[in-house]
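# An overview of the molecular structure
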Protein chains: 2
Amino acid sequence: MSAYRSPDRKRVVIAGGGFAGLWAARALSRSAAVDVLVLDRNNYHTFLPLLYQVAAAELEPEQISYPLRGVFRSLDNVDFRLCCVTGADFHARIVHTDGGDVPYDYLLLAMGSNTEFFGVPGADEHAFRLKSLEQAIGLRNHILTRFEMAAHEPDPDIQRRMLTFTVVGGGPTGVEYAGALAELIRNPIAKDFPDFNTGQARVVLLEAGSGLLAGYPEKLRQYTFRRLSRMGVDVRLESTVASVEPYQVLLKGASPVATETVVWSAGIRGNRTADAMKLPLGRGRRVTVLPSLQIAEHPHVFAAGDLALPSSGESPMIAPNATQQGALAAENILRHIRGEEVRPFKYRDKGAMATIGRSSAVVRIGTHTATGFVAWGLWLFVHLAYLIGFRNRLFVMVNWAWDYLFFERSVRLILPRIPWIERQRHSPASCVGDDENRSQGSGK
Amino acid sequence: MSAYRSPDRKRVVIAGGGFAGLWAARALSRSAAVDVLVLDRNNYHTFLPLLYQVAAAELEPEQISYPLRGVFRSLDNVDFRLCCVTGADFHARIVHTDGGDVPYDYLLLAMGSNTEFFGVPGADEHAFRLKSLEQAIGLRNHILTRFEMAAHEPDPDIQRRMLTFTVVGGGPTGVEYAGALAELIRNPIAKDFPDFNTGQARVVLLEAGSGLLAGYPEKLRQYTFRRLSRMGVDVRLESTVASVEPYQVLLKGASPVATETVVWSAGIRGNRTADAMKLPLGRGRRVTVLPSLQIAEHPHVFAAGDLALPSSGESPMIAPNATQQGALAAENILRHIRGEEVRPFKYRDKGAMATIGRSSAVVRIGTHTATGFVAWGLWLFVHLAYLIGFRNRLFVMVNWAWDYLFFERSVRLILPRIPWIERQRHSPASCVGDDENRSQGSGK
């Protein structure tokens, strides 16, 4: 870490190298008034919108991640430190980390979100999450291992249970993942297991509400439902999970679903580290901030992205909102330094999109909507454009092209290996804000 | 697993999906006389000659591995089962696995080799191995984390210790890895840590003998020594390791080397599972076999590759030998079925090669030798040609081209994450023949 600190520059510490933190760092890098230090528990940035594709063996982990030091190489006044943020002392203006204390003049909290289980019994212990690369890799390994085990399981009930994959939550993440899983099963897996009836494998998508993609235009919601159903996904609306058990999911007012895989994409909440900092939290346990993104009691502390909840206006927990807030937080920090008035945040709605399999998607831009292949092409373009790094874009493009042309899934590796007798979900992580099972025991 | 078994076909079980096993499976796939079942603890084949590049953050794990079911897709009579081989009953003609018993008519043991520590105290517990993808990934993560920690370590002795990387063994693996590490440090790492003196990082290569690459022509051995030295590698010949400790390596008759990373590439031995099978073992604890590759007492059981030691002739523990033996074992199985005489194995020496950094290598073909860039080009060509799968070749080529043109290392991710206070070497594996530390405790 740089020992050099110009006395003329203010030190800005950014907690989190995700969309909000990265966009803020880039905006601040052009200013001679600040030195920036970015903190993250990983040494890379993860392109979360494509994480579900890693979990569906469509992309390799390295293709949606980029070393943060590589991003900051060209930014002279931006430095990086690998550590877990554990707390803060806002009066002394210090951030506590597991690598020591870090003093700041300005602090931007951009630690993102954790999975929200709504207190459903067993969900925390038994469900898979989709918020980090390690989780996506573990989920991919688990699913591939189900097929390997089922291939010579003599008991048909157990076999069917192994081949039932349950996704909880019919928002964009759940829809995209259910579709990707259905395709993984229908094509590459079916070819990998020629003598085995993989047709009995099924994806169950549970949504508590009356339709998928809540908040999307009605036309797109219905298209999504029809399309997923045609792909063989068992979509169950008005289905609320009562509890999650090792070998089944109990529903309210409906029969249980026998399954060995439950993926929880039903809700997110602000990163848990904010609790440790004793910050004011609002809906979704996000940090309440002024329209300027400052914390009311600590005007040198800002929050942006999933973690932040401005007191007025929209703030959806999606990437475009995070990048816009990161950029504004940076601008307001500079304004504050110069003694100028800060600007309020106003979310510029650029639209919404979600894929449904290999050649279909739903897209809304303003009030215009599109479905099918055209929408999918647009989805492809937008996501490629936002990926960091030419090499990543090239590899992702090749992987997608390969998959599209050959109905293939190139990344069907079970790595790291899962011991035969237990489903391994041991995580080496130990940060407060981790999205992991608190008890950290091995699964069923 | 296929329940269908033609009564006319003999069942050949191949334990191991490495070079020997794969080449045997392919050879047998053309015969209507057999059904083949390949067993492996992983669902993918690893191209081990390039494993060191994964450990040096040069290649991604997926680029040197290929799902075995993908390889067998086009081979009608070849099936796969994911399991650990634990033993065998040669009289009942059964292979024991952690997924149940597997009967055979013919058995080919091709489980490869494990790391050999020669009883050096502390080596098993503290040294890193380079025999599996998980190990290579763990080693890569460990090295990158040393730099992250050293970047703000106030004590210069500890800092230097963190940045000293010790490779034990001056054979091809040690030479290639030491060179790759030296390059990783000098270019991408140096750029990633612009304010930090990465120049104090060093690679120490310890060789017990009087020169590197024992068995190679003298000219190539000297070239390798000079080239590595010019790259900044601290090559120490006549250096024997007395013991390995958490923070240092003790040498016989020389000062200890303070280090937090010890990579053991000083020796290999036959896979440990052979011990459990109570097979006759020879030098290097390899299974002794007849020139036909059959086990003398059990003519229906063959061994090929690193695991096998024919009673006459050469049998170097390298890939070309494994592929040749795999092919011959297959041929002899078919001959045996037909009642024909089996053929003896004779190793066809195609030469030897080793890289020394980004644009240099040493190559011997027959009695001809080459060094430098031409040799490197040849090395590149041979390794690309042997990689399985067009997509893998394409990606590896792009990675190498990128690295060569931009002095880059594209894969500098610490994934999965290592907890701050401990070096994580927990392995989820639990197979007898694993190359892991038996006590499985977490490291220092």
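Residues numbered from 1 in each chain as written. Chains lettered and ligands numbered in written order. Predicted model: local features only at pLDDT ≥ 70, side-chain atom pairs only at ≥ 80, totals over all residues. Heavy atoms only, no water.

## Here's the deal with the overall build of chain A
The secondary structure content of chain A amounts to 12 helices and 25 strands. Looking at the 444 residues of chain A, the share that counts as buried comes to 61%. When contacts within chain A are restricted to residue pairs at least 6 apart in sequence, long-range pairs at least 24 apart make up 66% of them. Accessible surface for chain A amounts to roughly 16,500 Å². Of this, 55% is attributable to carbon and sulfur atoms. (Helix = DSSP H or I, 4+ residues; strand = E, 2+ residues; numbered from the N terminus. Buried < 20%, exposed > 50% of the residue type's maximum accessible area, 1.4 Å probe, protein only. Contact = heavy atoms within 4.5 Å. Areas by Shrake-Rupley, 256 points an atom, 1.4 Å probe, with all protein chains shown as cover.)

## Quick look at helix α10 (residues 319–338) of chain A
Residue and element names in this part refer to chain A. Taking 1.5 Å of rise per residue, 20 residues should cover 28 Å, and α10 covers 29 Å from first to last C-alpha, within 8% of that figure. Among all positions in α10, only N321, A322, T323, Q324, Q325, G326, L328, A329, A330, N332, I333 and L334 are buried. Next to the buried residues of α10 lie β1 (10–15), α1 (19–29), β2 (34–40), β9 (106–109), β21 (298–303) and β22 (308–310). Of the residues one or two after α10, G339 is the one with positive phi, at around 80 degrees. (Expected span 1.5 Å × (residues − 1).)

## Some details on the packing of aromatic side chains
One pass over the full model with this rule turns up 14 aromatic pairs over all chains. With 5.6 Å between their ring centres and 25 degrees between their planes, F147 of chain B and F165 of chain B make a pair best called stacked. A residue pair is termed long-range when its members are at least 10 positions apart, and F147 of chain B in helix α5 (residues 133–150) and F165 of chain B in strand β11 (residues 164–168) qualify at 18 residues. Residues F147 of chain B and F165 of chain B agree in their burial class; the two are buried. With a centroid separation of 6.0 Å and an interplanar angle of 45 degrees, the aromatic rings of F147 of chain B and F193 of chain B are classed as tilted. A residue pair is termed long-range when its members are at least 10 positions apart, and F147 of chain B in helix α5 and F193 of chain B in the loop between α7 (172–192) and β12 (202–206) qualify at 46 residues. The class for F147 of chain B is buried, based on a relative accessible area of 0%. Taking the relative accessible area as the measure of exposure, F193 of chain B reaches 4% and is therefore buried. Site record: aromatic cluster; members linked through ring pairs are F147, F165, F193 and F196 of chain A. (Phe/Tyr/Trp six-rings, centres within 6.5 Å; stacked < 30°, edge-to-face > 60°.)

## With respect to the environment of S312 of chain B
Its place among the elements puts S312 of chain B in the loop between β22 (308–310) and α10 (319–338). Sequence-wise, S312 of chain B and P344 of chain B are 32 residues apart; in three dimensions their C-alpha atoms are separated by 9.3 Å.

## Details of the packing of helix α1 (residues 19–29) of chain B against α10 of chain B
All names here are of chain B. Closest axis-to-axis distance for the α1/α10 pair is 7 Å, and the angle between their directions is 35 degrees. By crossing handedness, the relation of α1 to α10 is classed as right-handed. Note on element contacts: α10 touches α1 through A319, A322, T323, G326, A327, A330, I333 and L334, opposite F19, A20, W23, A24, A27 and L28. Considered class by class, the residues forming the contact of α1 with α10 number 12 nonpolar, two polar and no charged. (Axes fitted to C-alpha atoms, helices over the stretch in contact; angles between N-to-C directions. Left-handed = near helix turned anticlockwise from the far one by under 90°. Nonpolar A, V, L, I, M, F, W, Y, C, P; charged D, E, K, R; others polar.)

## Examining the sheet that holds strand β14 (residues 241–245) of chain A
All names here are of chain A. Strand order in the open sheet made by the three strands is β14-β15-β16, with antiparallel pairing throughout. Edge strands, defined here as strands with exactly one partner in the open sheet, are β14 and β16 (254–258). Averaged over all adjacent pairs, the angle separating strand axes in this sheet is 15 degrees, with direction ignored. Pairing of strand β15 (residues 248–251) with β16, which is carried by three bridges, proceeds in the antiparallel orientation. (Pairing = 2+ DSSP bridges.)

## A short note on the sheet that holds strand β23 (residues 352–355) of chain A
Residues and elements named next belong to chain A. One open sheet accounts for three strands, arranged β23-β24-β25; its pairing is antiparallel. Of all strands in the sheet, those with a lone pairing partner are β23 and β25 (368–371), marking the two edges. Ignoring which end each strand starts from, the neighbouring axes of this sheet average 10 degrees apart. Pairing geometry for strand β24 (residues 361–365) and β25, over four bridges, is antiparallel. Looking across to β25, one finds that V363 is bridged to A370. The sheet contacts of helix α11 (residues 372–386) involve β23, β24 and β25, and relative to β24 the element is tilted by about 70 degrees.

## Some words on the pattern of salt bridges
One pass over the structure, following the stated rule, counts 30 salt bridges over all chains. With its nearest N and O atoms 3.1 Å apart, the salt bridge here joins D234 of chain B to R236 of chain B. Residue D234 of chain B is classed as partly exposed on the basis of its relative accessible area of 24%. Each of the salt bridges in this network shares a partner with another, and the network as a whole consists of R146, R161 and E260 of chain A. (Salt bridge = Lys/Arg side-chain N within 4 Å of Asp/Glu carboxyl O.)

## Overview of the domain arrangement of chain A
Residues and elements named next belong to chain A. Domain assignment breaks chain A into domain 1 (10–115 + 268–338) and domain 2 (123–267 + 350–437). Once you take the C-alpha centre of each, domain 1 and domain 2 turn out to be 28 Å apart. At the junction of the two partners, domain 1 supplies 39 residues and domain 2 supplies 41 residues. Summed over both sides, the interface between domain 1 and domain 2 buries roughly 3,700 Å², with carbon and sulfur atoms accounting for 62% of that surface. At the boundary of domain 1 with domain 2, the tally comes to three residue pairs in polar contact (both at pLDDT 80 or more). Counting only elements with at least two residues in the side of domain 1 that touches domain 2, the list comes to α1, β3 (44–46), α2 (51–55), β4 (65–67) and β10 (113–115). Taken together, the residues of the side of domain 1 that touches domain 2 sort by class into 20 nonpolar, 12 polar and seven charged. (Domains from an automatic or database assignment. Buried area = accessible area lost by both parts, 1.4 Å probe. Polar contact = N/O pair within 3.5 Å; in protein donor to acceptor, adjacent residues only side chain to side chain.)

## Observations concerning the nonpolar core
By size, the foremost hydrophobic cluster in this structure holds 247 residues, and its most contacted members are L109 and Y177 of chain A together with L109 and Y177 of chain B. In this structure, L109 of chain B is in contact with A15, M277, L279, I295, V301, F302, A303, A304 and L307 of chain B, ignoring residues within four places of it in sequence. (Core = buried A, V, L, I, M, F, W, Y, C linked by side-chain atoms within 4.5 Å.)

## Let's talk about a nonpolar patch on the surface
On the surface, I365, L378 and F381 of chain A cluster together to form a nonpolar patch covering roughly 290 Å² of accessible area. The class for L378 of chain A is partly exposed, based on a relative accessible area of 32%. (Patch = residues over 30% accessible without salt bridge, like charges linked within 9 Å, V, L, I, M, F, W, Y side chains within 5 Å.)

## Describing the side chain of R81 of chain B
Residue and element names in this part refer to chain B. As for its placement among the helices and strands, R81 is situated in strand β5 (residues 78–82). Look at R81: it is buried, it has no salt bridge, and the nearest opposite charge is D98 at 7.6 Å. Side-chain polar atoms of R81 contact the backbone oxygen of G99, separated by 2.9 Å. (Lys, Arg positive; Asp, Glu negative; His and termini not counted.)

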